[in-house]
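Given next are the chains, with one letter for each unit.
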Amino acid sequence: MPRSLRVLPPGGGFAGPLRVFSNFYSHWKEGDDQSALEWFGKRVGDFFPNRKAYFYSSGKKGLLALAEQISEKHKKPVVSLSSYSCPDLIACLAEKNFSFRFFDIDADSLEPRIEEQHLSSNLLLLSNLYGLADSFPKDLSEDTFVLDDSCQAALSSSGGKRIGARNNAFGLLSFGRGKSLPGLGGGALLVPEELASDYSQESSSGKPIVSDSLKSIVFWLLQSPWFYRIPSSLPFLGLGQTHYSNSVDTGKFSIGQVVVAASQLLHIESRASMHSENSAKWVEALGNLDLVQPMLRRREQSEVSNSPIRYPILVPQGSEMRNQLYKELTLAGLGVSCSYPGILPSYKQIEDRIISSAQEGASKVADRVLTLPVHRNVKDKDIELTVQIIKKALQR
């Protein structure tokens, strides 16, 4: 339980009631659910060119739709992905009978270490962890699908193209809390236009918008540092926790989720700018400390604009120091997160499906990583206090 009355959430940026209402009033007051989905699909295409968006009740369900298409083409499909990423990815793919080749990541930059064997898998998945744009691989097999996961990276771009719209790759969006476009849930699979005929759009739920509107207001209020103490003190909410889960939302994308998600999408440039500015503040403030800053290590990447959803750092002495530092920063209400609990190859649920695994760098990251908030509620005084606490810990 934080000692401070003011408690920063690790992520944030839910759309305010006025923005949501204005968006609804401008576009859907006289419309129906189907026309709303069509309008939203066109707006997604404005920011992710040459992609057709198919909406689902969650990003996880969108990944399942892609996995199902690949499973129909290959009896024993194989996916290559990072050893350190979200467990939801492997849970979805295991559900569709995928086997796994895990590639490592560089422990300083979080950049994937993709080898030749990974380029010929049926699916190559780029996680773009925390919103840092992974280098797009070359020399891919013509039969390899690429998923350029933009759930965390929709604010970032590479080579003038937003993550999720690079080359001939698929993209994946999630509109849940903690993502780059946080909202009431739902997600979208971004399909290259030449492959769009292979997919179909689910109908919307027809759920009344009133309940979603009230939920949106509650989420917006509780993200305030003066109110976030309430949900953060309730362990059963599982805030900040990530688990391997086979469960998939069986619902449909509701009109309320569309309204809120669109309210975020239409302000994607201002969100990206704000996240970049706050990340730059962390770069400067932490510059003289004995920490690894992956975003700083990636500054040599050309034509890349990184706007992370959280700012990752790696402490020098492993899990004991990391866990102690996490405890102290949490008690101070500073919005720190330990990220994912471990490497993906360690999950017992898929141990009989692993073809190969490289994990040395990923294991170091899992033991040492902390992420710091970059949303609009982060103040200079929060950054200063965080630096003071980290500096004392490093001097012990």
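Computed from a predicted model, the values in this text were never measured in an experiment.

**With respect to empty space enclosed by the protein**
Evaluated as defined, the whole model comprises 2 cavities of 30 Å³ or more. Roughly 60 Å³ of volume is contained in the largest cavity. If you go around the largest cavity, the residues you meet are Ser-82, Tyr-84, Ile-105, Leu-110, Pro-112, Ser-127, Asn-128, Leu-129 and Asp-134. Phe-14, Ala-15, Pro-182, Gly-183, Leu-184, Ser-216, Phe-219, Trp-220 and Val-260 are the residues that line the second largest cavity. At 3 residues, the largest contribution of residues to the lining of the second largest cavity is made by helix α5 (residues 209–222).

**Notes on the packing of aromatic side chains**
Scanning the model with the defined rule gives 10 aromatic pairs in all. Ring plane angle 5 degrees and centroid distance 5.6 Å describe the contact between Phe-100 and Phe-102, whose orientation is recorded as stacked. Aromatic pair Phe-175 and Phe-253: ring centres 6.2 Å apart, planes at 20 degrees, arrangement stacked. Here Phe-253 lies in the loop between α6 (229–232) and α7 (255–265) and Phe-175 lies in the loop between β9 (170–174) and β10 (187–192), a separation of 78 residues in the sequence. In this structure an aromatic cluster arises from ring pairing among Phe-40, Phe-55, Phe-175 and Phe-253. Here Arg-43 stacks its cationic end above the ring of Trp-39, 5.1 Å away from the centre of that ring. Directly above the ring of Tyr-54 sits Lys-52, whose terminal nitrogen or CZ lies 5.4 Å from the centroid.

**Observations regarding the side chain of Asp-149**
You can see Asp-149 is positioned in strand β6 (residues 145–149). Lacking a salt bridge, the buried Asp-149 has Lys-179 as its closest oppositely charged neighbour, with an N-O distance of 7.2 Å. Of the polar contacts made by the side chain of Asp-149, one reaches the backbone nitrogen of Cys-151; its length is 3.0 Å. Setting aside chain neighbours within four positions, we find Asp-149 in contact with Leu-89, Leu-125, Leu-126, Ser-127, Asn-128, Ile-163 and Leu-172.

Calculation notes
- Residues numbered from 1 in each chain as written.
- Predicted model: local features only at pLDDT ≥ 70, side-chain atom pairs only at ≥ 80, totals over all residues.
- Heavy atoms only, no water.
- 1 Å grid on protein atoms, 1.4 Å probe; cavity = no way out; pocket = protein on both sides within 12 Å on 5 of 7 lines; lining within 4 Å.
- Points joined across faces, edges and corners; volume = space filled by probe spheres on them.
- Helix = DSSP H or I, 4+ residues; strand = E, 2+ residues; numbered from the N terminus.
- Phe/Tyr/Trp six-rings, centres within 6.5 Å; stacked < 30°, edge-to-face > 60°.
- Lys NZ or Arg CZ within 6 Å of the ring centre and 35° of its normal.
- Buried < 20%, exposed > 50% of the residue type's maximum accessible area, 1.4 Å probe, protein only.
- Lys, Arg positive; Asp, Glu negative; His and termini not counted.
- Salt bridge = Lys/Arg side-chain N within 4 Å of Asp/Glu carboxyl O.
- Polar contact = N/O pair within 3.5 Å; in protein donor to acceptor, adjacent residues only side chain to side chain.
- Contact = heavy atoms within 4.5 Å.

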